[in-house]
Amino acid sequence: MTSDPTSLDTFASQKLHTLEQRKLRRSPRECTALDAVRVMMDSRELINFCSNDYLGLAHHPQVKEAAARAALDNGAGAGASRLVTGGHARLFALEKRLAAFKGTQDCVIFGSGYMANMAITPALAGPDDIVFIDERAHACLFSGAQLSRATLDVLPHNDTDALADRLDRKRRAYRHALVLVDSVYSMDGDLAPLDVYARISARHDAWLLVDDAHGLGVLGSGRGAAETFTPKPDIPLQMGTLSKALGSYGGYLCASHEVCELMRSRARPLIYTTALPPAVIAAAEEALTLIETDPELCARPLQLARLFAAELGLDEPQSPIVPVILGDAETALAASDKLREDGYLVMAIRPPTVAEGTARLRVTFSAAHSEESVKSLAASLKHIIQD
Ligand SMILES: *Cc1c(COP(=O)(O)O)cnc(C)c1O
């Protein structure tokens, strides 16, 4: 059946056309995981160097087994929100374990990391408040801040002096202040100076929210980026995800009992959404057990990142995310294509995700990669860059 396009379809196709012209149209490709490091893409087997499954736990036999058993025992879906009947005992147990692991009084689990950040800031801040946010913070921290309707103040990247200065000048005009940063920045792999942020925030009675999506499981013996500082900084709002190193799905906030209770009563993306499926919870539980008992596994992604950087003469990485800056978008895309011909999947990241002139390959390392495959990736890339 053919018919005239509706105004809706005309709108969508015009929008897509504009995106296409600006080279911003995105089309997800089919990509099927074969194991922790191999994927099938366009009928070719590639070694995946862009997954966030840092420990290979999404494919760990014990984790898969736990998920399968939970689905068979407890069903495929939770059936309702946790405030109705979706509150499986295992979810409460996982929250207790995460709180203990992170050293906080309590923990709340959300549907995903994105949902956690859509929930936390709006539950804590409103139009009378101010939110300071690092310019490179994850998109969902920005979305949560916007949803809260607080005044938004964007900080230069990792510029703690700018934060101190603006708190000095602006803090007293607002009821409450929040400071939102990533612990590990997802496109650069660099760490935030969490100790300095914690000190400055406390001094001005500003509440520090740290997104540790890329820290949990891989830094500080698996306990997260904050553990790499001595003494460990006092961070009242520690958010993270179950979807990366834990190899499952979901998000969390580790905080005081009062803050977590407030989330349970007021956080809309927690109250009005279905609870996580039993298999997802069981997978995260099993992954947490593996992380707690195997600090060597947790240390391996960063070791491999350092090996790769040393082979290429790059600065020593602080996390398992290594950017290889190539300049313009075409160069980065061409390098990514050539690596695919050599059997490696590495994403090219272009503006506007990163600043103009800093298009790059973003390489991430997993405990499941072999040293040989890391070295051969480096050799292949060296060859491509020199050409
Ligand atoms: C991936 C990511 C999230 C979102 O987590 P999901 O569980 O995938 O929704 C949030 N913050 C940062 C920094 C991330 O990298």
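Note that the coordinates shown come from a computational prediction; the quantities given were computed from them, not determined experimentally.

1. A few points about the packing of helix α11 (residues 295-312) against helix α13 (residues 371-386)
Interaxial distance between α11 and α13 falls to 9 Å at its minimum, and their mutual angle equals 30 degrees. Classified by the angle their axes make, α11 and α13 are roughly parallel. For the pair α11 and α13, the crossing hand works out as right-handed. Within the contact between the two elements, α11 uses Arg300, Leu304, Leu307, Phe308, Glu311 and Leu312 and α13 uses Glu371, Val374, Lys375, Leu377, Ala378, Leu381 and Lys382. Here the contact of α11 with α13 is composed, by residue class, of eight nonpolar, no polar and five charged.

2. Focus: the site of the ligand
What surrounds the ligand is a group of 13 residues, the closest being Asp211, His214, Thr241, Ser243 and Lys244. Within the backbone of Tyr114, one N or O atom sits 2.9 Å away from an oxygen atom of the ligand. In this structure, an oxygen atom belonging to the ligand sits 2.7 Å away from a side-chain N or O atom of Thr241. Considering the ligand on its own, with 380 Å² of exposed area, one finds that the protein chains cover 87% of that surface.

3. Things to note about the pairing of strand β2 (residues 38-41)
In summary, the side chains of a regular strand alternate between the two faces of the sheet. Covered by surrounding structure in β2 are Val39 and Met41 only, the residues Arg38 and Met40 on the alternate face being uncovered. In this sheet, β2 lies alongside strand β1 (residues 32-33) in antiparallel orientation, the contact comprising two bridges. Bridging from a neighbouring strand, Ala33 pairs with Val39 of β2. The antiparallel pairing of β1 with β2 creates a hairpin that spans four residues between the two strands. One ladder, built from four bridges, connects β2 with strand β3 (residues 44-48); its direction is antiparallel. Of the residues in β3, the one forming a bridge with Val39 is Leu46. Between the end of β2 and the start of β3, which pair antiparallel, lie two residues, with Asp42 showing a positive phi angle near 45 degrees.

4. A look at unusual backbone geometry
Cis geometry marks the peptide bond from Thr230 to Pro231, where omega comes out at -5 degrees. With respect to the helices and strands, Pro231 occurs in the loop between β8 (206-211) and β9 (237-241). In this model, Pro351 is joined to Pro352 through a cis peptide bond whose omega is 10 degrees. Turning to its location among the elements, Pro352 is positioned in the loop between β13 (347-349) and β14 (359-364). Although it is not a glycine, Asn158 adopts a positive phi angle of roughly 55 degrees. Mapped onto the elements of the fold, Asn158 is located in the loop between β6 (151-155) and α6 (160-170). Of note, Ser221 is a non-glycine position whose phi angle comes to about 55 degrees, a positive value.

Rules of the game
Residues numbered from 1 in each chain as written. Predicted model: local features only at pLDDT ≥ 70, side-chain atom pairs only at ≥ 80, totals over all residues. Heavy atoms only, no water. Axes fitted to C-alpha atoms, helices over the stretch in contact; angles between N-to-C directions. Helix = DSSP H or I, 4+ residues; strand = E, 2+ residues; numbered from the N terminus. Parallel < 35°, antiparallel > 145°, perpendicular 65-115°, else oblique. Left-handed = near helix turned anticlockwise from the far one by under 90°. Contact = heavy atoms within 4.5 Å. Nonpolar A, V, L, I, M, F, W, Y, C, P; charged D, E, K, R; others polar. Near = heavy atom within 4 Å. Polar contact = N/O pair within 3.5 Å; in protein donor to acceptor, adjacent residues only side chain to side chain. Areas by Shrake-Rupley, 256 points an atom, 1.4 Å probe, with all protein chains shown as cover. Buried < 20%, exposed > 50% of the residue type's maximum accessible area, 1.4 Å probe, protein only. Pairing = 2+ DSSP bridges.

Keep in mind these values describe shape, not function.
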